[in-house]
Amino acid sequence: MAKESLLFPDYLFESSWEVCNKVGGIYTVLSTRAKTLQEKLKDNLIFIGPDCWGDKECPYFENDNTLYAEWRTHACEEGLKIKTGRWKIPGNPVAVLVDFTPFYSEKNEIYTRIWELYGVDSLHAYGDYDEASMFSYAAARVVESFYTFYLTPATRVIYHGNEWMTGLGLLYINHKLPEIATLFTTHATSIGRSIAGNNKPLYDYLFAYNGDQMAAELNMQSKHSIEKQTACHVDCFTTVSDITGRECAELLDKPADFILPNGFDNSFVPKAATFTRKRRMARRRLLQVANALTGCSVDDDTLIISTSGRYEFRNKGIDVFIEAMNRLRNDEKFNRKAVAFIEVPAWVNSPREDLQDRLASGQTFDIPLENPQLTHWLNNMSEDRVMGMLNAMNVHNSKDSKVQIIFVPCYLTGDDGIFNMTYYDLVLGNDLCVYPSYYEPWGYTPLEAIAFKVPCITTDLAGFGLWVNSVKGKYGEIEDGVKVIHRNDYNYFDVAEAIKETVEEFAGFTDSEVKSARNNASSLSKIALWSNFIKQYYAAYDYSLRAVQKRISEK
């Protein structure tokens, strides 16, 4: 008997706070996946994001007033303020940005209705809950308006929302338009992230935690409530890794229907001579900044190490990275110069003028600047946790130190005033990247690193680290391209020591061993291309569309 073919959507709407809004890892998930989906859906793949820009130009969005012009007029008459255009990513997919602020006037009525329909608790909302919920509602209204203007019940349509911030809209569509399939992906549960971020042991006690109880204890009731109810009521609930899948089952009381690991599109990774030239440029810039800041002599044999990601001091392992680099700095066995960059956006004020002047001069320096650990001034120098830990460990980048540790507290978008190179143009200049996460549902940064042939260190509390172990059939080692360190709730110092030892091991590699590790890293990244991982999405699409078929047939 022939295998039944998978159902596939005619139209796929996907919303996220990070559509045309680069603030975190979900931007990378969606922007690298889009091209693969667009090969099948063409312009029937439509992304919906928040219009955070108003009259200012969004750097990630190209406006196109000819796109769906008639519908845009109709949507305006319905009270929707939208912009239509293209997301400036590979494939240039259609994007709709919606101004959600007009719906604040209806907030109480919207929350009341979602309570009546699904029991979502919005009473304890604070912080970004209102902002996210009004965007979520506005995005759903965009889907509803487009559907009723252009499409019919015979059209196969999926609305895919990412993270709790899209939950209210998914529930709105679920109730208002049952002929549209709803798919929800949580990339990290709000309550799991909160437990970890509040220094509570997440993993040893995961089986014993009650999500609702912990939400009340940590003042997370509203975010947890919308996430839980969305997971329980959509046609298909998904997450990004097995480790987060266990979290969903325990804390949301709803196992994921599918695991959708995050892939990568390597079409923008430079090839051959271009790669070599760009790597040389990146290394030159990184070392120029290190010299201008610290006054230390650095040559091309200097080991360049970095960590990067969102500023979650414990969850992303920023603390253990600093601990490991400090141990390396004080280890007599380590006899090579190294510069360790912490590339984590903080509350940045401005690029340092004194550093800019030094870089503009083209000279080399043997005297450090004031605060030689920092490339950009911060608004909260005295409260910043990275600066606090560096100062507590007496890390002042003195000339006799073998390891310089430099904090880069800004987004590397190519116009930061110091490096003036994008993150992707800089990352390939590294010799080694370190991402020792405590809480990491997937882990895009290590996947990005190995795609650029940079071996990296991660942990088995990251979904990516577990994936590497499953591919290798063992714990990954640095010669494999990815070193996976065992991490649990209590072995912080063991992890720091293992990082230090791995860096020392890598620093002692011969040129051929380094080349082998770099090639192994690149080969591993190719297994994680979207062209391989997209199949799980197709299965989830089929599952959600069949749920709609069943719902309609039972009417």
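Calculation rules
- Residues numbered from 1 in each chain as written.
- Predicted model: local features only at pLDDT ≥ 70, side-chain atom pairs only at ≥ 80, totals over all residues.
- Heavy atoms only, no water.
- Helix = DSSP H or I, 4+ residues; strand = E, 2+ residues; numbered from the N terminus.
- Buried < 20%, exposed > 50% of the residue type's maximum accessible area, 1.4 Å probe, protein only.
- Contact = heavy atoms within 4.5 Å.
- Salt bridge = Lys/Arg side-chain N within 4 Å of Asp/Glu carboxyl O.
- Pairing = 2+ DSSP bridges.
- Axes fitted to C-alpha atoms, helices over the stretch in contact; angles between N-to-C directions.
- 1 Å grid on protein atoms, 1.4 Å probe; cavity = no way out; pocket = protein on both sides within 12 Å on 5 of 7 lines; lining within 4 Å.
- Points joined across faces, edges and corners; volume = space filled by probe spheres on them.
- Nonpolar A, V, L, I, M, F, W, Y, C, P; charged D, E, K, R; others polar.
- Left-handed = near helix turned anticlockwise from the far one by under 90°.
- Parallel < 35°, antiparallel > 145°, perpendicular 65-115°, else oblique.

(A) Region of interest: the side chain of Thr-238. Along the chain, Thr-238 falls in strand β8 (residues 236-239). Accessibility expressed as a relative area gives 0% for Thr-238, which makes it buried. Excluding residues within four positions of it along the chain, Thr-238 makes contact with Leu-183, Phe-184, Thr-185, Thr-186, Ala-256, Phe-258, Leu-260 and Ala-540.

(B) View of the pattern of salt bridges. Under the defined criterion, the tally for this structure stands at 30 salt bridges. As a salt-bridge pair, Asp-257 and Lys-254 come within 3.2 Å of each other at their nearest N and O atoms. For Asp-257, a relative accessible area of 27% corresponds to the partly exposed category. Looking at Lys-254, the relative accessible area reads 18%, which means it is buried. Two residues, Glu-323 and Arg-327, come together in a salt bridge whose shortest N-O distance is 2.9 Å. Within this pair, Glu-323 and its partner Arg-327 are both found in helix α11 (residues 318-329), separated by 4 residues, close to a single helical turn. By relative accessible area, which is 11% here, Glu-323 ends up buried. Taken together, the shared-partner salt bridges in this structure form one network comprising Glu-323, Arg-327, Asp-331, Glu-497 and Lys-500.

(C) A look at the sheet that holds strand β10 (residues 303-308). If you trace the 6 strands from one edge of the open sheet to the other, you get β14-β11-β10-β15-β16-β17, paired in parallel fashion. Pairing within the sheet leaves two strands with one partner each, and these edge strands are β14 (403-408) and β17 (482-485). Neighbour-to-neighbour, the strand axes of the sheet open up by a mean angle of 20°, direction not taken into account. Sheet strands in contact with helix α16 (residues 463-472) are β16 (456-459) and β17, and its direction is about 110° off that of β17.

(D) A look at the pairing of strand β5 (residues 94-99). The buried count for β5 comes to 6 of 6 residues, which makes it a mostly enclosed element. Side chains Val-94, Val-96 and Val-98 project from β5 onto one buried face, and the interleaved Ala-95, Leu-97 and Asp-99 project onto a second face that is buried too. As defined by bridge partners, strand β4 (residues 81-87) adjoins β5 across 6 bridges and the pair is classed as antiparallel. Counted as the bridge partner of Lys-81 is Asp-99 from β5. Hairpin remark: β4 followed by β5, antiparallel, with 6 residues in the connecting loop; positive phi at Gly-91, about 95°.

(E) Here's a closer look at the sheet that holds strand β2 (residues 45-50). An order of β3-β4-β5-β2-β1-β6-β7-β8-β9 is seen for the 9 strands of this open sheet, with the pairing classed as mixed. Single-partner strands in this sheet number two, and they are β3 (61-63) and β9 (258-259). Looking at chain direction, β3 and β4 are connected through 3 bridges and run antiparallel. Looking across to β4, one finds that Asn-63 is bridged to Gly-85. Its contacts with the sheet put helix α2 (residues 69-77) on β4 and β5, and the angle it makes with β4 is roughly 150°. Packed onto the sheet, helix α9 (residues 242-251) meets β7 (181-186), β8 and β9 and runs at close to 130° relative to β8.

(F) Seen up close, empty space enclosed by the protein. Applying the stated criterion across every chain, the model contains 1 cavity of 30 Å³ or more. What the largest cavity holds in volume is close to 30 Å³. Lining the largest cavity are His-124, Ala-125, Tyr-126, Tyr-129, Asn-219, Met-220, Gln-221, Ser-222 and Lys-223. The greatest single-element share of the lining of the largest cavity, amounting to 3 residues, is contributed by helix α8 (residues 221-233). Grouping the amino acids of the lining of the largest cavity by side-chain chemistry returns 4 nonpolar, 4 polar and 1 charged.

(G) The arrangement of the packing of helix α4 (residues 129-150) against helix α5 (residues 167-176) in detail. At a minimum axis distance of 7 Å, the contact between α4 and α5 shows a crossing angle of 35°. Seen from above, α4 lies across α5 with right-handed handedness. Residue-level inspection shows Ser-133, Ser-136, Tyr-137, Ala-140, Arg-141, Val-143 and Glu-144 of α4 in contact with α5, the latter providing Gly-167, Leu-168, Gly-169, Tyr-172, Ile-173 and Lys-176.

(H) Seen up close, the layout of surface pockets. Each pocket or cavity is described by its volume, and for the second largest pocket that value is around 410 Å³. What lines the second largest pocket is a set of 17 residues, and nearest its centre among them are Phe-275, Thr-276, Arg-279, Lys-453 and Arg-518. Going through the elements one at a time, α10 (272-294) and α18 (511-527) are the ones with two or more residues in the lining of the second largest pocket. Considering each element in turn, the lining of the second largest pocket owes the most residues, 6 residues, to α10. Here the lining of the second largest pocket is built from residues that sort into 5 nonpolar, 4 polar and 8 charged.

(I) How the structure looks around the environment of Ile-367. Here Ile-367 lies in the loop between α12 (353-361) and β13 (376-378). For Ile-367, a relative accessible area of 53% corresponds to the exposed category. Sequence spacing of Ile-367 and Ala-292 is 75 residues, and the spatial spacing of their C-alpha atoms is 8.5 Å. Discounting residues that sit within four places of it in the chain, Ile-367 has contacts with Thr-294, Gly-295 and Arg-358.

(J) Local environment of the pairing of strand β6 (residues 157-162). For β6, the buried fraction is high: 6 of the 6 residues fall into the buried class. Here β6 shows no split at all, with Val-157, Tyr-159 and Gly-161 on one side and Ile-158, His-160 and Asn-162 on the other all buried. One ladder, built from 5 bridges, connects strand β1 (residues 11-15) with β6; its direction is parallel. From the neighbouring strand, Leu-12 faces β6, where its bridge partner is Ile-158. Relative to β7, β6 is paired through 5 bridges, and the arrangement is parallel. Across the sheet, the residue bridging to Gly-161 is Phe-184, located in β7.

(K) Fine view of the packing of α10 against α12. Packing of α10 against α12 brings their axes to within 9 Å, and their N-to-C directions diverge by 120°. Taken together, α10 and α12 sit at an angle that is classed as oblique. Crossing hand, α10 versus α12: right-handed. Listed contacts from α12 to Arg-285, Gln-288, Val-289, Ala-292 and Leu-293 of α10 are Leu-355, Arg-358 and Leu-359. A class-by-class count of the residues in the contact of α10 with α12 yields 5 nonpolar, 1 polar and 2 charged.

By themselves, these figures tell us nothing about what the structure is for.
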